[in-house]
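Chain by chain, the residues run as shown.
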Amino acid sequence: MIAEKPLPQQLTRLNDDFDQRIVAHAADAVWRQSPQAGVERRMLDRVGAEIGRSTSIVRYAPGSAYSAHVHGGGEEILVLDGVLSDESGDYPAGSYVRNPPGTTHAPSSREGCTLFVKLWQFAADDRARVHIDTRRADWYPGLVPGLSVMPLHEHEGISTALVRWAPNTRFNTHSHPGGEEILVLSGVFRDEAGEYPEGSWLRNPRWSSHTPFTGEEGALIYVKVGHLGATLLSPQES
């Protein structure tokens, strides 16, 4: 197993007040070395040190690899660029992977890759392994013209999807009883509070509302709703 280096104390809790709205722009990103050489992280939220609930952008240098390890609380991955590999196969950009609690793997990247990673954010009974190649999966019409949706995962009111916004699309004002989390994958996403270019990460608290729209660039976003305040596994329960 990997010998873990302790995080600075101030980073064991980062954006951990889930009642607060958080916006993190890629232009402001701080990359930090992980316990594994060649692997860096842009931390977005964190509750706990190396073993705990976290959301991060993770960057593998070419040839980087982890030894085999267990994900006691599960792992959700969206491959943003490059190719991630493990003993089950290769996962190119656009791959969406859910490794449920208790699974083991030894991830690596021959060419280097960048990932969006969520740890310890599974319900105790969410045990399905998921692998979707979003480059080939189906899109479905959204609730307004100009929106297309690709469902990725659904469990007990927690929904994850990719949403493609055509240029100059406007959605209705709406609220999210279980909160909303967005990663902008391309283009520029907007609402009345500002604009969010590629690489921006937003977390809107429970019962927050907004009126999102796009300009001439359009946008592609990862969206998770219903998870803030949900009962999820914690390290003490594994």
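Source: prediction; values computed, not measured.

What to know about the overall build of the protein chain
- Helices and strands together make up the secondary structure of the protein chain, namely 0 helices and 23 strands.
- For the protein chain, the C-alpha radius of gyration of 17 Å lies close to 18 Å, the compact-globule estimate for 238 residues.
- Taking the intrachain contacts of the protein chain between residues at least 6 apart in sequence as the baseline, contacts between residues at least 24 apart amount to 69%.
- Looking at the protein chain as shown, the accessible area adds up to about 11000 Å², and 52% of this sits on carbon and sulfur atoms.
- Across the protein chain, the centroid of the 22 positively charged side chains sits 2 Å from that of the 30 negatively charged ones.

Remarks on the packing of aromatic side chains
- All told, the structure shown has 5 aromatic pairs when counted by the stated rule.
- Between Phe116 and Tyr222, the ring centres sit 4.9 Å apart and the planes meet at 70°, which makes this aromatic pair edge-to-face. Of this pair, Phe116 sits in strand β13 (residues 113-119) while Tyr222 sits in strand β23 (residues 219-225), and the two are 106 residues apart along the sequence.
- With relative accessibility at 2%, the residue Phe116 sits in the buried group.
- For Tyr222, a relative accessible area of 0% corresponds to the buried category.
- Pairing Trp165 with Phe171 gives two aromatic rings, centres 6.5 Å apart and planes at 70°, and the pair type is edge-to-face.
- According to the relative accessible area criterion, Phe171 is buried, its value standing at 14%.
- Stacked on the ring of Phe122, the Lys or Arg Arg98 has its end atom at 4.1 Å from the ring centre.
- Taking the ring centre of Phe213 as reference, the NZ or CZ of Arg170 above it sits at 4.4 Å.

Considering the confidence of the model for the protein chain
- Mean pLDDT over the protein chain stands at 93; residues scoring 70 or higher make up 94%.
- Within the model, pLDDT remains below 50 along residues 1-6, and this stretch shows 14 contacts once partners closer than five positions in the same chain are excluded.

Some words on the side chain of Asp126
- Relative to the assigned elements, Asp126 resides in the loop between β13 and β14 (130-133).
- Assessed through its relative accessible area of 5%, Asp126 is described here as buried.
- Here the side chain of Asp126 touches Arg98 through a polar contact of 2.9 Å, side chain to side chain.
- Of the polar contacts made by the side chain of Asp126, one reaches the side chain of His153; its length is 3.4 Å.

Description of the pattern of salt bridges
- Tallying each qualifying case throughout the model produces 13 salt bridges.
- For Asp16, the salt bridge identified is with Arg13, shortest N-O distance 2.7 Å.
- Note on Asp16: relative accessible area 27%, which makes it partly exposed.
- The shortest N-O distance in the salt bridge between Glu76 and Arg98 comes to 3.6 Å. A residue pair is termed long-range when its members are at least 10 positions apart, and Glu76 in strand β8 (residues 75-86) and Arg98 in strand β10 (residues 95-99) qualify at 22 residues.
- Residue class for Glu76 comes out buried when judged on its relative accessible area of 2%.
- Each of Glu76, Arg98, Asp126 and Lys224 takes part in salt bridges that share partners, so that together they form one network.

Details of the nonpolar core
- One finds Leu78, Tyr96, Phe116, Leu162, Leu183, Trp201 and Tyr222 to be the most contacted residues of the largest nonpolar core, which totals 16 residues.
- Mapped onto this core, the elements with two or more residues apiece are β2 (22-24), β14, β16 (147-155) and β19 (180-191).
- Among the nonpolar cores identified, the runner-up in size contains 15 residues, and Val79, Tyr91, Leu119 and Trp120 belong to it.

What counts as what
Residues numbered from 1 in each chain as written. Predicted model: local features only at pLDDT ≥ 70, side-chain atom pairs only at ≥ 80, totals over all residues. Heavy atoms only, no water. Helix = DSSP H or I, 4+ residues; strand = E, 2+ residues; numbered from the N terminus. Rg over C-alpha atoms; globule rule 2.2 N^0.38 Å. Contact = heavy atoms within 4.5 Å. Areas by Shrake-Rupley, 256 points an atom, 1.4 Å probe, with all protein chains shown as cover. Lys, Arg positive; Asp, Glu negative; His and termini not counted. Charge placed at Lys NZ, Arg CZ, Asp CG, Glu CD. Phe/Tyr/Trp six-rings, centres within 6.5 Å; stacked < 30°, edge-to-face > 60°. Buried < 20%, exposed > 50% of the residue type's maximum accessible area, 1.4 Å probe, protein only. Lys NZ or Arg CZ within 6 Å of the ring centre and 35° of its normal. pLDDT = per-residue confidence, 0-100. Polar contact = N/O pair within 3.5 Å; in protein donor to acceptor, adjacent residues only side chain to side chain. Salt bridge = Lys/Arg side-chain N within 4 Å of Asp/Glu carboxyl O. Core = buried A, V, L, I, M, F, W, Y, C linked by side-chain atoms within 4.5 Å.

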